[in-house]
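These are the residues of each chain, in order.
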Amino acid sequence: MLIQNATIHDGKRHVFQGDILIEDHIIKAIGTNLSSDGECFDATGMHVFPGFIDPMSNWGILGPGREIRGNAEDNDEHSDVCTPEMNIIYAFNGRGIRIQQLGAFGITAVGVAPSSNNLFGGMMGVFDVDGINPFHMCIKEKAGLKACVTNSVTKFWGAKNLMPSTHMGIFQLLNEKLREAQEYDESKGYDSKKAAIREMLDHHMPLFAVAKTPMEVHSLLQVTKPYDLDLVIASGYGLQDCEEELLQRRPGIIAAVSIDGFNNDAQSGDYELLYRLYSQGLHVSLASNVDGTMCSREEVLWNGLDMYKACHDEEAVISMMSYENAHLLGVDDVTGSIEEGKRADLTIYNAHPILTYQAQLQLTLSNGNNGERQSRQP
């Protein structure tokens, strides 16, 4: 397939005119006056972006319809507060995510995570949105270890009269589990929980930790400091009092701060702070939500629109919806930007969707497949 005469936004804040040649699901060439014997798509007057990525979601697990029951909760293991050995790939339903039609809003890949009811919920994965077999759709298995230090944990386990029922209990348990994993010696006997946390400590995957208040963020940074782990803080809330410490530790940040009348935490979101952190080199990305709860396909785009209102930097926003997400999930070598050799994950609009509500989606390619060829009316 050849996309011709497009305004190309590469996801790394570069914008230029050109053509994109796709062969065998890969971006083969980017240039001008390219030719092909295959299908041609005339994108004159249109804008081509990297496919958007929702980095920390429950797509393909929770949702309406026969394939995915709204209360299925296959990403929420209730047997233990610490289940780092769980692997999200065994909860993912390829047929279900196709029904959810994320390509209708330009999403071509998703990070899928366990719920936020456990201290350690399990290992995240990155998936294509077009397919059936989750093992074929998986772009990266073990993309990160999901943790949560919010009152989601204390409410769930406290209701069972089990630890942790307080934030004291959360951070005591977090410290204990990290220390045990650091001291773990497999030759003395295999322990799946310690082994999974040790993989994270050995930099085989980052720790994605949900924290929503300044107290939670300060405590998370303090407890994890001795372990030199790769940390991503998920929420974007309650960071205002933590700017100096964040600039010192430089964790990644996944932000889901769009105003939501059902989410009291969102009221403390601060896009200007997030952009200030991004401008000083922190990796900041935009998500639909980080709690493992139901969300809508539009929320990544809505989050980007709200970020633009604060920063007026549309190419930074596109990067936060594509490349930054790919980087934090460890898949920026294969997707997240428009570059030769990467997957053909692309979305085409007739106008810039961050600059105008009139922008309509013309085509979404997920790994070069155009099964999601749909228009979205304004």
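Residues numbered from 1 in each chain as written. Predicted model: local features only at pLDDT ≥ 70, side-chain atom pairs only at ≥ 80, totals over all residues. Heavy atoms only, no water.

Focus on the sheet that holds strand S8 (residues 120-128)
Strand pairing in a sheet takes place through backbone hydrogen bonds and is either antiparallel or parallel in direction.
Item 1. Read from one edge to the other, the open sheet built from eight strands follows the order S6-S7-S8-S9-S10-S11-S12-S13, with strand pairing classed as mixed. The outermost strands of the open sheet, each flanked by one partner alone, are strand S6 (52-57) and strand S13 (284-286). Direction aside, neighbouring strands of the sheet carry axes that sit 25° apart on average.
Item 2. Alignment of strand S7 (residues 107-112) against S8, held across four bridges, turns out to be antiparallel. Following the sheet pairing, glycine 111 is matched in S8 by valine 126.
Item 3. Running over the sheet, helix H9 (residues 299-311) touches S6, S7, strand S12 (252-255) and S13 and is turned about 125° from S13. (Pairing = 2+ DSSP bridges. Helix = DSSP H or I, 4+ residues; strand = E, 2+ residues; numbered from the N terminus. Axes fitted to C-alpha atoms, helices over the stretch in contact; angles between N-to-C directions. Contact = heavy atoms within 4.5 Å.)

Things to note about the layout of surface pockets
Item 1. When its volume is computed, the second largest pocket comes out at roughly 330 Å³.
Item 2. In terms of lining residues, the second largest pocket is bounded by 20 residues, among which Pro206, Asp230, Leu231, Val232 and Gly252 are the most central.
Item 3. Of all the secondary structure elements, the ones that give two or more residues to the lining of the second largest pocket are strand S9 (138-148), strand S11 (231-235) and helix H11 (323-328). (1 Å grid on protein atoms, 1.4 Å probe; cavity = no way out; pocket = protein on both sides within 12 Å on 5 of 7 lines; lining within 4 Å. Points joined across faces, edges and corners; volume = space filled by probe spheres on them.)

Let's talk about the pairing of S7
Item 1. For S7, a buried count of six out of six residues is recorded, marking the element as mostly surrounded by other parts of the structure.
Item 2. Here S6 runs beside S7; their pairing, made up of four bridges, is parallel. Its bridge partner lying in S7, aspartate 54 is registered against valine 110. (Buried < 20%, exposed > 50% of the residue type's maximum accessible area, 1.4 Å probe, protein only.)

Considering the nonpolar core
Item 1. Grouped together as the largest cluster of nonpolar side chains are 102 residues, with contacts concentrated most on Phe120 and Leu178.
Item 2. Membership of the second largest hydrophobic core comes to 17 residues, among which are Ala6, Ile27, Leu346 and Ile348. (Core = buried A, V, L, I, M, F, W, Y, C linked by side-chain atoms within 4.5 Å.)

Brief notes about the environment of proline 84
Item 1. As for its position among the elements, proline 84 is in the loop between S6 and helix H1 (94-100).
Item 2. With relative accessibility at 0%, the residue proline 84 sits in the buried group.
Item 3. Spatially, the C-alpha atom of proline 84 lies 42 Å from that of methionine 1, the residues being 83 residues apart in sequence.
Item 4. Those residues in contact with proline 84 that sit more than four places away from it in its chain are Phe120, Gly122, Met123, Leu145, Lys193, Ala196 and Ile197.

What about helix H5 (residues 192-201)?
Item 1. For H5, the set of buried residues is Ala195, Ala196, Ile197, Met200 and Leu201.
Item 2. Lining the buried residues of H5 we find S8, S9, helix H4 (167-182) and strand S10 (207-210).
Item 3. Where H5 begins, one side-chain oxygen reaches toward the backbone nitrogen of lysine 193, 3.0 Å away; that side chain belongs to aspartate 191. (Polar contact = N/O pair within 3.5 Å; in protein donor to acceptor, adjacent residues only side chain to side chain.)

Some details on unusual backbone geometry
Item 1. Cis geometry marks the peptide bond from methionine 163 to proline 164; its omega dihedral reads 5°.
Item 2. Along the polypeptide, proline 164 turns up in the loop between helix H3 (151-158) and H4.
Item 3. Of note in the backbone geometry, asparagine 161 takes a positive phi value of approximately 60° without being a glycine.
Item 4. With respect to the secondary-structure elements, asparagine 161 resides in the loop between H3 and H4.
Item 5. For aspartate 228, which is not glycine, the phi dihedral falls at a positive 50°.
Item 6. Residue class for aspartate 228 comes out exposed when judged on its relative accessible area of 56%.

A closer look at the pattern of salt bridges
Item 1. A complete count under the given rule lists 13 salt bridges for this structure.
Item 2. Put simply, lysine 342 and glutamate 339 hold a salt bridge, and the shortest N to O gap is 2.9 Å.
Item 3. Judged by its relative accessible area of 6%, lysine 342 is buried.
Item 4. For glutamate 339, a relative accessible area of 27% gives the class partly exposed.
Item 5. Across the salt bridge formed by aspartate 345 and arginine 343, the nearest N and O atoms sit 2.9 Å from each other. For the residue pair aspartate 345 and arginine 343, the accessibility class agrees, reading buried in each case.
Item 6. What emerges from the salt-bridge pattern is a single network uniting Lys12, Glu339 and Lys342. (Salt bridge = Lys/Arg side-chain N within 4 Å of Asp/Glu carboxyl O.)

A word on the pairing of S12
Item 1. Of the two faces of S12, the one carrying Gly252 and Ile254 and the one carrying Ile253 and Ala255 are both buried.
Item 2. As judged from the four bridges shared by S11 and S12, these two strands associate in the parallel manner. Each residue of the ladder has a partner; that of valine 232, found in S12, is glycine 252.
Item 3. Between the parallel elements S11 and S12, the chain passes through helix H7 (residues 243-249) in a crossover that is right-handed.
Item 4. Strand direction decides the pairing type here: S12 and S13, joined by three bridges, are parallel. (Right-handed = clockwise from strand over helix to strand, strands pointing away.)

A look at H3
Item 1. Along H3, the residues classified as buried are Val153, Thr154, Phe156 and Trp157.
Item 2. Contact partners of the buried residues in H3: S9 and H4.

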